[in-house]
Amino acid sequence: MIAPLTMWDAEATLGGRKVLDGADVQVERGRLVALVGPNGAGKSSLIKAFVGLLALDGGVARLNGDDVTTLSPRERARRVAYLPQERRIAWNLPAVEVAALGAPFLAGPEALARAKRALAEVGGAHLVDRGVAEMSGGERARVLLARALTTDAPMLLADEPIAGLDPDAQRLVLERLRGRADGGAAVLVSLHDLALAAAFADQVVVMHQGQVAAAAPPMEALEPGVLRSVFGLDGRWVETPDGPLLAARRAQ
Ligand SMILES: Nc1ncnc2c1ncn2[C@@H]1O[C@H](COP(=O)(O)OP(=O)(O)OP(=O)(O)O)[C@@H](O)[C@H]1O
């Protein structure tokens, strides 16, 4: 059966620069895939291409078998929840109303109830009635993540969902995303923390200069050769009872 999220041989250009250069990615139902890579590697571009916000020059991005560019915005929104890297929210609305925007297909009270549940899921129950313009960056990030979870779509793409969160919240959010995958969703998440990627993902896709440098179970994808050639790190993995730890220093 075809994976819900599939991208083949994707090519894309921004400002005259090739930002995707033959990228292949698949995310199966029930899987959490971590997208990692240095700054500028093309992670956001790849995620945007999946939701149809970046046009491909070549290749194809499919949502449940359909080329994303053939789907209406409404149909895209039904199929995929998207958390952009950009955390700006223009209006100072209460958190619950912002989170409810993730469920435009539901009646108001139902959307608000689901939004409240999603806020509680990400440790934001206390934020429900607070205006989003009067929040810290990490609090606002939780509200936007709740908006994506409110969608309840079978595919979930999150661009750096744990950036700016405290260590406890980082793990909480990854546990929730893991939970969505365990519940049957196809989840693709870009991350900079390689140890958390290794701890939570079924598979790690390493991007480098618009290409997929490795795609495999975490330890295999993030082997010392890849750590050195892609990230410039001399690194090795140490197994601990609490999960794998990365011991690393900048390569000389
Ligand atoms: N609007 C734009 N115009 C021109 N070039 C862009 C634009 N947005 C991104 N780029 C370039 O595209 C390349 C890929 O950027 P992208 O944001 O996909 O990387 P990323 O892996 O998500 O990086 P980061 O970890 O820093 O978020 C980079 O070289 C970047 O400079």
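Rules behind the numbers
Residues numbered from 1 in each chain as written. Predicted model: local features only at pLDDT ≥ 70, side-chain atom pairs only at ≥ 80, totals over all residues. Helix = DSSP H or I, 4+ residues; strand = E, 2+ residues; numbered from the N terminus. Buried ≥ 20, exposed ≤ 12 C-beta atoms within 10 Å, placed from the backbone. Contact = placed C-beta atoms within 7 Å. Pairing = 2+ DSSP bridges. Axes fitted to C-alpha atoms, helices over the stretch in contact; angles between N-to-C directions. UniProt positions renumbered as here; feature names shortened; annotations may be inferred. Near = placed C-beta within 6 Å. Nonpolar A, V, L, I, M, F, W, Y, C, P; charged D, E, K, R; others polar. Expected span 1.5 Å × (residues − 1). Parallel < 35°, antiparallel > 145°, perpendicular 65-115°, else oblique. Left-handed = near helix turned anticlockwise from the far one by under 90°.

The protein chain goes by Iron complex transport system ATP-binding protein in an unreviewed UniProt entry, where it is assigned to Brevundimonas aurantiaca.

Participant: What am I meant to see in the overall build of the protein chain here?
Facilitator: Of regular secondary structure, the protein chain possesses nine helices and twelve strands. Oriented by its inertia axes, the alpha-carbon framework of the protein chain measures out at about 55 × 45 × 35 Å. Residues classed as buried in the protein chain amount to 43% of the 252 residues present. A fraction of 62% describes how many contacts in the protein chain between residues 6 or more apart in sequence connect residues 24 or more apart.

Participant: I keep staring at the sheet that holds strand 4 (residues 58–63) and nothing clicks. Help me out?
Facilitator: Strands in a sheet are paired, the pairing made by backbone hydrogen bonds, and the direction either parallel or antiparallel. Reading across the sheet, the four strands line up as 2-1-4-5 and stay open at both edges, with antiparallel pairing between neighbours. One side of each edge strand has no neighbouring strand; the edge strands of this open sheet are strand 2 (17–27) and strand 5 (66–67). Pairing of strand 1 (residues 5–14) with strand 4 involves five bridges; the strand directions are antiparallel. Its bridge partner lying in strand 4, L5 is registered against L63. The sheet strands contacting helix 1 (residues 43–50) are strand 1, strand 2 and strand 4, and the helix crosses strand 1 at an angle near 120°.

Participant: Is there a simple way to think about the UniProt feature "domain: ABC transporter" (unreviewed entry) in the protein chain in this case?
Facilitator: UniProt records the feature "domain: ABC transporter" (unreviewed entry) for residues 5–234 in the present numbering. Between the end C-alpha atoms of residues 5–234 the distance is 33 Å, and the span holds 37% helix and 27% strand.

Participant: Hey, could you run me through the site of the ligand in this one?
Facilitator: Residues in contact with the ligand, as listed here, are L14, G15, R17, V19, G37, N39, G40, A41, G42, K43, S44 and S45. Mapped by element, the contributors of at least two residues to the shell around the ligand are strand 2 and helix 1. Residue contributions to the shell around the ligand peak at three residues, all from helix 1. Tallied by class, residues from the shell around the ligand come to three nonpolar, seven polar and two charged.

Participant: Would you explain helix 5 (residues 137–151) in this entry?
Facilitator: Every α-helix winds through 3.6 residues per turn, so residues three or four apart in the chain are directed the same way. Compared with the 21 Å implied by 1.5 Å per residue over 15 residues, the 22 Å span of helix 5 between its first and last C-alpha is a close match. Where burial is concerned, most of helix 5 is hidden: twelve out of the 15 residues are buried. Within helix 5 the residues assigned to the buried category are R140, A141, R142, V143, L144, L145, A146, R147, A148, L149, T150 and T151. Buried-residue contacts for helix 5 involve strand 6 (80–83), helix 3 (95–100), helix 4 (108–121), strand 7 (155–159) and helix 6 (167–182). Where helix 5 terminates, the next one or two residues include D152, which has phi positive at roughly 60°.

Participant: Help me understand the sheet that holds strand 3 (residues 32–36) in this model?
Facilitator: Across the sheet, which stays open at both edges, the six strands sit in the order 6-7-8-3-9-10 with mixed pairing between neighbours. Edge positions in the sheet fall to strand 6 and strand 10 (211–216), since each has one partner strand and no second. Direction aside, the axes of adjacent strands within the sheet are offset by 15° on average. For strand 7 and strand 8 (residues 186–190), the ladder comprises five bridges, and the chain directions are parallel. Among the inter-strand pairings, L156 is bridged to a residue of strand 8, identified as V187.

Participant: When you look at the packing of helix 4 against helix 5 in this model, what are you seeing that I'm missing?
Facilitator: Working note: a packed helix pair is described by the angle between its axes plus the distance between those axes. In the contact formed by helix 4 and helix 5, the axes pass within 8 Å of each other and the chain directions differ by 125°. It follows that helix 4 is oblique to helix 5 by the angle criterion. Here helix 4 and helix 5 pass one another in a crossing that is right-handed. Contacts from R114, A115, A118, L119 and E121 in helix 4 reach A146, L149 and T150 in helix 5.

Participant: What am I meant to see in the pairing of strand 3 here?
Facilitator: Side-chain direction in a regular strand flips from residue to residue, so the side chains alternate between the two faces of the sheet. Where burial is concerned, most of strand 3 is hidden: five out of the five residues are buried. Side chains L32, A34 and V36 project from strand 3 onto one buried face, and the interleaved V33 and L35 project onto a second face that is buried too. Bridging between strand 3 and strand 8 involves four bridges; their strand directions are parallel. The residue of strand 8 that forms the bridge with A34 is V189. Where strand 3 and strand 9 (residues 203–208) come together, four bridges link them in parallel fashion. Residue pairing for strand 9: L35 is matched across the bridge by V205.

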